[in-house]
Amino acid sequence: MKNTILVIGACGQIGTELTLKLRDINGQNSIVASDIHEGSDELMHSGPFEFINAMDYESILNVIQKYQITEVYLMAAMLSATGEKYPEKAWELNMNSLFHVLNLAKAKKIKKVFWPSSIAVFGPTTPKINAPQETVMEPSTVYGISKQAGERWCEYYFNKFGVDVRSIRYPGIISWKAIPGGGTTDYAVDIYHRAILENKYTSFLSENTMLPMMYIDDAINATINIMDAPSETIKIRSSYNLAAMSFTPEELFNEIKKHLPSFEISYKTDFRQKIADSWPKSIDDSRAREDWGWNHSVGVKKMTSIMLDNLKIKYRTKIK
Ligand code: AKB
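Residues numbered from 1 in each chain as written. Predicted model: local features only at pLDDT ≥ 70, side-chain atom pairs only at ≥ 80, totals over all residues. Heavy atoms only, no water.

Engineer: Is there a simple way to think about the site of the ligand in this case?
Structural biologist: Within the structure, the ligand sits among Leu79, Ser80, Ser118, Ile119, Tyr143, Gly183, Thr184, Thr185 and Trp279. Between an oxygen atom of the ligand and a side-chain N or O atom of Tyr143, the distance comes to 2.8 Å. A distance of 2.9 Å separates a nitrogen atom of the ligand from a polar side-chain atom of Thr185. Summarising the interface, the protein chains cover 93% of the accessible area of the ligand, which totals 250 Å² for the free molecule. Class assignment of the residues belonging to the shell around the ligand gives a composition of 4 nonpolar, 5 polar and no charged. For the shell around the ligand, the domains that each give at least three residues are domain 1 (5–172 + 215–241) and domain 2 (175–213 + 245–315). (Near = heavy atom within 4 Å. Polar contact = N/O pair within 3.5 Å; in protein donor to acceptor, adjacent residues only side chain to side chain. Areas by Shrake-Rupley, 256 points an atom, 1.4 Å probe, with all protein chains shown as cover. Nonpolar A, V, L, I, M, F, W, Y, C, P; charged D, E, K, R; others polar. Domains from an automatic or database assignment.)

Engineer: What is the right way to read the sheet that holds strand E8 (residues 168–170) from this model?
Structural biologist: Strands in a sheet are paired, the pairing made by backbone hydrogen bonds, and the direction either parallel or antiparallel. Read across the sheet, 3 strands follow the order E6-E8-E12 without closing on themselves; strand pairing throughout is parallel. For this open sheet the edge positions go to strand E6 (117–118) and strand E12 (240–241), each flanked by a neighbour on one side alone. Relative to E8, E6 runs parallel, the two being bridged by 2 bridges. Pairing of Ser118 across the sheet is with Tyr170, part of E8. (Pairing = 2+ DSSP bridges. Helix = DSSP H or I, 4+ residues; strand = E, 2+ residues; numbered from the N terminus.)

Engineer: What's the story with helix H3 (residues 57–67) in this structure? I'm lost.
Structural biologist: Every α-helix winds through 3.6 residues per turn, so residues three or four apart in the chain are directed the same way. When H3 is considered as a whole, its buried residues turn out to be Ser59, Ile60, Leu61, Val63 and Ile64. Packed against the buried residues of H3 are strand E1 (5–8), strand E2 (31–35), strand E3 (49–51), strand E4 (71–74) and helix H5 (87–106). Its side-chain oxygen 3.2 Å from the backbone nitrogen of Glu58, Asp56 forms the N-cap of H3. (Buried < 20%, exposed > 50% of the residue type's maximum accessible area, 1.4 Å probe, protein only. Contact = heavy atoms within 4.5 Å.)

Engineer: In this structure, what is going on with a nonpolar patch on the surface? I would like to understand it.
Structural biologist: The grouping of Trp153, Tyr156 and Phe161 at the surface amounts to a nonpolar patch, some 270 Å² of accessible area in total. Examined against the element boundaries, Trp153 turns out to sit in helix H6 (residues 142–161). Overall, Trp153 belongs to the partly exposed group, its relative accessible area being 33%. (Patch = residues over 30% accessible without salt bridge, like charges linked within 9 Å, V, L, I, M, F, W, Y side chains within 5 Å. Salt bridge = Lys/Arg side-chain N within 4 Å of Asp/Glu carboxyl O.)

Right, dumping it as structure tokens:
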């Protein structure tokens, strides 16, 4: 039987491009997008869309039954920076939505689940360089705590109930189609928009803050590849480390400057600096490479060309 996929949180930064790619691969009618609000025209016009509040079990179940959904990608979450402003809401959204989907899989209403974790599961006591797959994890943000707890629950549901749940720890994701919302790594997206629109940028992270990052195409490929991999190759049922590149705001600025020589940067750090300082600078993702063949293809140079080329087109009428 053909798989029918529901993407919850389809209008967010990753959800948007994930849904479009899944529709390209599987045909538009096999992929149902859902969110609490509408998304881009491209997303809304490329296949079915349903309003779903990820905290409402019944609304998820109704859509699963209506379309005979077999797989769910749960992309709805409150990220690290917003989570610090609304700790209880972040915990509620991030945990309740996960329980709903895990319980639907446990009840055999769906066969497979993708749930994203994050580098935010790591904390100040984790090794900073090449953070290992298995290591000390003492996350200091609400978002990180929810992702760490979520990982434990995923592994528990797999071991106890045989739920086929798969997960990766996303680093900061850089993309141009949809804007990220409420993350600490968002500067690495914002900087490109400001470069094109204003030729200057004020970074909320300091010049030497190095963080693990990834271009969206690699993140989408990893997500689809881990879901397509044979079940026995997925040996880690909490969440896989995943990496592509690490850079600082200053290094990114210098790369953009090669394309826009008069681009200027200044630094004004805020509460997000402390969050960034609690995360590793780089990640050891050898297990994902060994187990299910993960490989990244975009580095900082290529990403910068893609971002600037596409944003120039997007903002054609607004560029000063
Ligand atoms: C954030 O900055 O909160 C996210 C993440 C690293 O999960 N982009």
